[in-house]
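Results of the structural survey
Here is how the chains run, residue by residue.
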Amino acid sequence: MRTGLLTGIALVALGGGAAMAADLRQPSFKAPPPQQFFSWSGLYIGSHTGAAVGQTKTTNVTPYGGFNAGVPLSYELNPVGIFGGGQIGYNWQTGAFVFGAEIDAGYLGARSRILQGDDLVEVKYGGYATFTGRAGLAHDRLLTYVKGGAAVASIKNTAADAPGGVINTTDLSQVRETRWGWTVGTGFEYAIATNWTVKSEYLYMDFGRTRSTNLDGDVFDHKNQLHTWKVGLNYKY
């Protein structure tokens, strides 16, 4: 009987020890979910506004009859304006690299006018568009990029003799064209929400040279360049 009692006590002790060992097992932990990064891939559409500052150089051409000068004369204009418009584009992301294509369109409104003595020169910008590719590096929600491509704008250049501020129609030279050129720039974009991003961007546009002639046969050369800075808001689908 004593032997049976001891055996029972031993079994109870062993059972209790096993239960305590089970209670002391290390808890199991699940691996944390992988970190989710913002994806720049997809279609987006948005709007922008900014400032444009240009440089237009108007020069009379040999035999320098323009401005009734008889000698080479050149005037430099600095058109300034507030502009706005919209953009649509598409991005492809592979790792940290982002490639895309974008179309901007809007109205520039930059203009400048000089009346010096009897010489009048003027430039006015109207509607514009750019067709660019861009490439950048993504740091989660921050994207820095460069872009470049083609630019087009409605530009009006005027050169005339205006004695007393009144334009002489035979000495009026004017050309209004939809001018094609090239553009290059850089910027950054930041995702403020799942589908919304904000951006800041600088673009340089060069529309090359064009010529105009007045009724007297005088020829003028016009070179148009533009610097723009804008901020924008995009919605990504």
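Scoring rules and cut-offs
- Residues numbered from 1 in each chain as written.
- Predicted model: local features only at pLDDT ≥ 70, side-chain atom pairs only at ≥ 80, totals over all residues.
- Heavy atoms only, no water.
- Core = buried A, V, L, I, M, F, W, Y, C linked by side-chain atoms within 4.5 Å.
- Buried < 20%, exposed > 50% of the residue type's maximum accessible area, 1.4 Å probe, protein only.
- Helix = DSSP H or I, 4+ residues; strand = E, 2+ residues; numbered from the N terminus.
- Pairing = 2+ DSSP bridges.
- Salt bridge = Lys/Arg side-chain N within 4 Å of Asp/Glu carboxyl O.

1. Observations concerning the nonpolar core
For soluble globular proteins, the rule of thumb is that nonpolar side chains tend to be buried together. Leu 108, Tyr 125, Ala 153, Met 205, Phe 207 and Leu 226 are the most contacted members of the largest nonpolar core, which has 20 residues in total. For this core, the secondary-structure elements that each account for two or more residues are strand S2 (74–77), strand S6 (119–139), strand S7 (142–161), strand S9 (196–213) and strand S10 (219–236). Core analysis: the next-biggest nonpolar cluster, separate from the first, contains seven residues, Trp 40, Val 98, Ala 138 and Ala 191 among them.

2. A word on the environment of Ala 51
Structurally, Ala 51 can be placed in strand S1 (residues 42–60). The class for Ala 51 is partly exposed, based on a relative accessible area of 31%. Considering only alpha carbons, one finds Ala 51 and Val 80, 29 residues apart in sequence, at a separation of 7.5 Å.

3. Points about the pairing of S6
Where strand S4 (residues 97–107) and S6 come together, 11 bridges link them in antiparallel fashion. Each residue of the ladder has a partner; that of Phe 99, found in S6, is Ala 135. In the sheet, strand S5 (residues 111–116) pairs with S6 via six bridges, with the strands oriented antiparallel. From the neighbouring strand, Leu 115 faces S6, where its bridge partner is Leu 120. Between S6 and S7, which follow one another and run antiparallel, lie two residues, and Asp 140 among them has a positive phi close to 60°.

4. A short note on the pattern of salt bridges
One pass over the full model with this rule turns up 12 salt bridges. As a salt-bridge pair, Lys 230 and Asp 104 come within 2.7 Å of each other at their nearest N and O atoms. Taken together, the residues span a long stretch of sequence, with Lys 230 in strand S10 and Asp 104 in strand S4 at a distance of 126 residues. Assigned by exposure class, Lys 230 and Asp 104 land together as buried. For Asp 221, the salt bridge identified is with Arg 209, shortest N-O distance 2.8 Å. On the criterion of sequence distance, the pair formed by Asp 221 in strand S10 and Arg 209 in strand S9 is long-range, its members being 12 residues apart. Look at Asp 221 and you get buried, because its relative accessible area is 11%. You can call Arg 209 exposed: its relative accessible area is 53%. Via salt bridges that share partners, Glu 102, Asp 104, Lys 147, Lys 199, Glu 201 and Lys 230 belong to a single interconnected network.

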